[in-house]
Amino acid sequence: MEITSSTSIVGLIGHPVAHSLSPRIHSALYQSIDLDLAYLAFDILPGDLADSISGMLALGFKGFNVTIPYKESVLSLIDIVDPYAQQLGAINTVRIGNGRLFGHNTDGEGFIQAFKRENMSIKNKSVVIIGAGGAARPIGVYMAKESPERIAIVNRTFEKGKILAHLINDVTGSQIASPVSQIPENMDIIVNTTSLGMWPNIRYNPISGLSLSPETIVCDIVYNPRMTAMLRQAVSSGCQIVDGTGMLIGQALSSVQIWTGKPVKEKYWQIMQEELDKL
Ligand code: ATR
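Let me sum up the structure you'll find in this document.

The rules behind the values
Residues numbered from 1 in each chain as written. Predicted model: local features only at pLDDT ≥ 70, side-chain atom pairs only at ≥ 80, totals over all residues. Heavy atoms only, no water. Helix = DSSP H or I, 4+ residues; strand = E, 2+ residues; numbered from the N terminus. Rg over C-alpha atoms; globule rule 2.2 N^0.38 Å. Contact = heavy atoms within 4.5 Å. Areas by Shrake-Rupley, 256 points an atom, 1.4 Å probe, with all protein chains shown as cover. Lys, Arg positive; Asp, Glu negative; His and termini not counted. Charge placed at Lys NZ, Arg CZ, Asp CG, Glu CD. Polar contact = N/O pair within 3.5 Å; in protein donor to acceptor, adjacent residues only side chain to side chain. Salt bridge = Lys/Arg side-chain N within 4 Å of Asp/Glu carboxyl O. Axes fitted to C-alpha atoms, helices over the stretch in contact; angles between N-to-C directions. Parallel < 35°, antiparallel > 145°, perpendicular 65-115°, else oblique. Nonpolar A, V, L, I, M, F, W, Y, C, P; charged D, E, K, R; others polar. Phe/Tyr/Trp six-rings, centres within 6.5 Å; stacked < 30°, edge-to-face > 60°. Buried < 20%, exposed > 50% of the residue type's maximum accessible area, 1.4 Å probe, protein only. Lys NZ or Arg CZ within 6 Å of the ring centre and 35° of its normal. Pairing = 2+ DSSP bridges. Left-handed = near helix turned anticlockwise from the far one by under 90°.

1. A closer look at the overall build of the chain
No. 1: Counting its regular elements, the chain contains 9 helices and 12 strands.
No. 2: Taken against the 2.2 N^0.38 rule, which gives 19 Å for 279 residues, the C-alpha radius of gyration of the chain at 19 Å falls within 12% of a compact globule.
No. 3: A fraction of 69% describes how many contacts in the chain between residues 6 or more apart in sequence connect residues 24 or more apart.
No. 4: Approximately 13000 Å² of the chain is accessible, and the part contributed by carbon and sulfur atoms is 50%.
No. 5: For the chain, the distance from the average position of its 22 positive side-chain charges to the average position of its 25 negative side-chain charges is 2 Å.

Encoded structure:
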């Protein structure tokens, strides 16, 4: 794909953004399937958020992703927020159409796609989510929509785990989620949504000391390193794993679908995965 005068811009806003892998995986896809889009990362200072969005509107951007620390504060600047992003109180993808801003959140869907791609199911399974922050919310809500038997939330700050359980129960109209003080035994699915184990603190393992059954599926959203201490423990116990690149790619492809209407394809997934494999 060549950049020409008809190429549209999409991108990422956040602070900082230098570590982001999104420009790499998006660009690899656009090149490979000849999408006339260019994806750039913009490091936006907190006082410049509103101006930068006006600028993107004026320049005819097709849309943009939003990352830390703006996923919540951007909400008030968006014209139409989809009900799901509204419930989560967080946006990671904005589409620009006819001069208006449409807000979405593809994090939860991205995580579920990564899961389903491995032919794994959440239905009737017992799930434990470690963490209750910005990443845990979309994952928890989206997992709850897949009808698990229960969702236990373990968080360092118990009160925040309680708030997340309330949110999941409110959104799904169920009593499926509850806060717990430690990881229960014999859960079917364990998901780490914290940054524990991320480089440079790669020795941290949020399930250290837990005995795992080989039937347990262990997922980590940390992708740097890809094989975290938690996932290494899972593999040595014979468990199936989903590493953090799954959610990274899943949410990116959902954003592309929102911007271009192109549904997620296995081929697109492979292109992004191969790009990450080069790192
Ligand atoms: P993000 O948006 O990346 O999810 P966040 O909203 O700050 O970031 O949430 C980070 C999550 O990781 C929180 O659940 C946090 O626990 P607290 O609610 O107690 O802050 C959890 N977390 C971060 N560092 C941790 C640590 N060293 N031990 C245990 N939990 C940790």
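Back to the write-up after that little detour.
2. A few points about the side chain of Asn-205
No. 1: Its location among the elements puts Asn-205 in the loop between strand S10 (189-192) and strand S11 (217-220).
No. 2: Side-chain polar atoms of Asn-205 contact the side chain of Gln-233, separated by 2.7 Å.
No. 3: Contacts of Asn-205, omitting those with residues within four sequence positions, involve Ala-229, Met-230 and Gln-233.

3. Let's talk about the pattern of salt bridges
Side-chain pairing between opposite charges can occur once the charged atoms of the two side chains come close.
No. 1: Under the definition given, this model contains 8 salt bridges.
No. 2: A salt bridge links Asp-277 to Arg-226; the nearest nitrogen and oxygen atoms lie 2.7 Å apart. You can see Asp-277 sitting in helix H9 (residues 266-277) and its partner Arg-226 sitting in the loop between S11 and helix H7 (229-236), a full 51 residues away along the chain.

4. Regarding the packing of helix H4 (residues 107-117) against H9
No. 1: One can describe the packing of H4 onto H9 by two numbers: an axis separation of 13 Å at closest approach and a directional angle of 100 degrees. Classified by the angle their axes make, H4 and H9 are roughly perpendicular. Along its contact with H4, which presents Gly-110, Gln-113, Ala-114 and Arg-117, the element H9 presents Glu-266, Trp-269 and Gln-270.
No. 2: Residues that form the contact of H4 with H9 fall into these classes: 2 nonpolar, 3 polar and 2 charged.

5. A short note on the packing of aromatic side chains
No. 1: This structure, assessed with the given rule, holds 4 aromatic pairs.
No. 2: Between Phe-42 and Phe-61, the ring centres sit 5.9 Å apart and the planes meet at 50 degrees, which makes this aromatic pair tilted. Of this pair, Phe-42 sits in strand S2 (residues 37-43) while Phe-61 sits in the loop between helix H2 (49-58) and strand S3 (63-66), placing them 19 residues apart in sequence.
No. 3: Between the aromatic rings of Tyr-84 and Tyr-142, the centroid separation amounts to 4.8 Å while the plane-to-plane angle is 80 degrees, which identifies the pairing as edge-to-face. Placement of the pair is Tyr-84 in helix H3 (residues 83-88) and Tyr-142 in helix H5 (residues 136-144), with a sequence separation of 58 residues.
No. 4: Residue Tyr-84 is classed as buried on the basis of its relative accessible area of 9%.
No. 5: Taking relative accessible area as the criterion, Tyr-142 reaches 18% and is therefore assigned buried.
No. 6: Taking the ring centre of Phe-102 as reference, the NZ or CZ of Arg-95 above it sits at 4.3 Å.

6. Describing the sheet that holds strand S12 (residues 240-242)
No. 1: Within the open sheet, the 6 strands sit side by side as S9-S8-S7-S10-S11-S12. Their pairing is parallel. The outermost strands of the open sheet, each flanked by one partner alone, are strand S9 (177-180) and S12. Averaged over all neighbouring strand pairs, the angle between strand axes comes to 20 degrees, with direction disregarded.
No. 2: Pairing of S10 with S11 involves 4 bridges; the strand directions are parallel. In the strand pairing of S11, Val-191 is matched with Cys-219.
No. 3: In the packing of H7 onto the sheet, contacts are made with S10, S11 and S12, and the angle to S11 comes to roughly 165 degrees.

7. Some details on the packing of helix H1 (residues 22-33) against H9
No. 1: Where H1 contacts H9, the two axes come as close as 9 Å, and the packing angle between them is 130 degrees. By the angle between their axes, H1 is oblique relative to H9. Both H1 and H9 take part in a crossing whose hand is right-handed. Taking contact as the criterion, the partners of Arg-24, Ile-25, His-26, Ala-28, Leu-29, Ser-32 and Ile-33 in H1 are, on H9, Lys-267, Tyr-268, Ile-271, Met-272, Glu-275 and Leu-276.
No. 2: Within the contact of H1 with H9, the residues separate by chemical class into 8 nonpolar, 2 polar and 3 charged.

Limitation: the analysis is restricted to geometry and does not speak to function.
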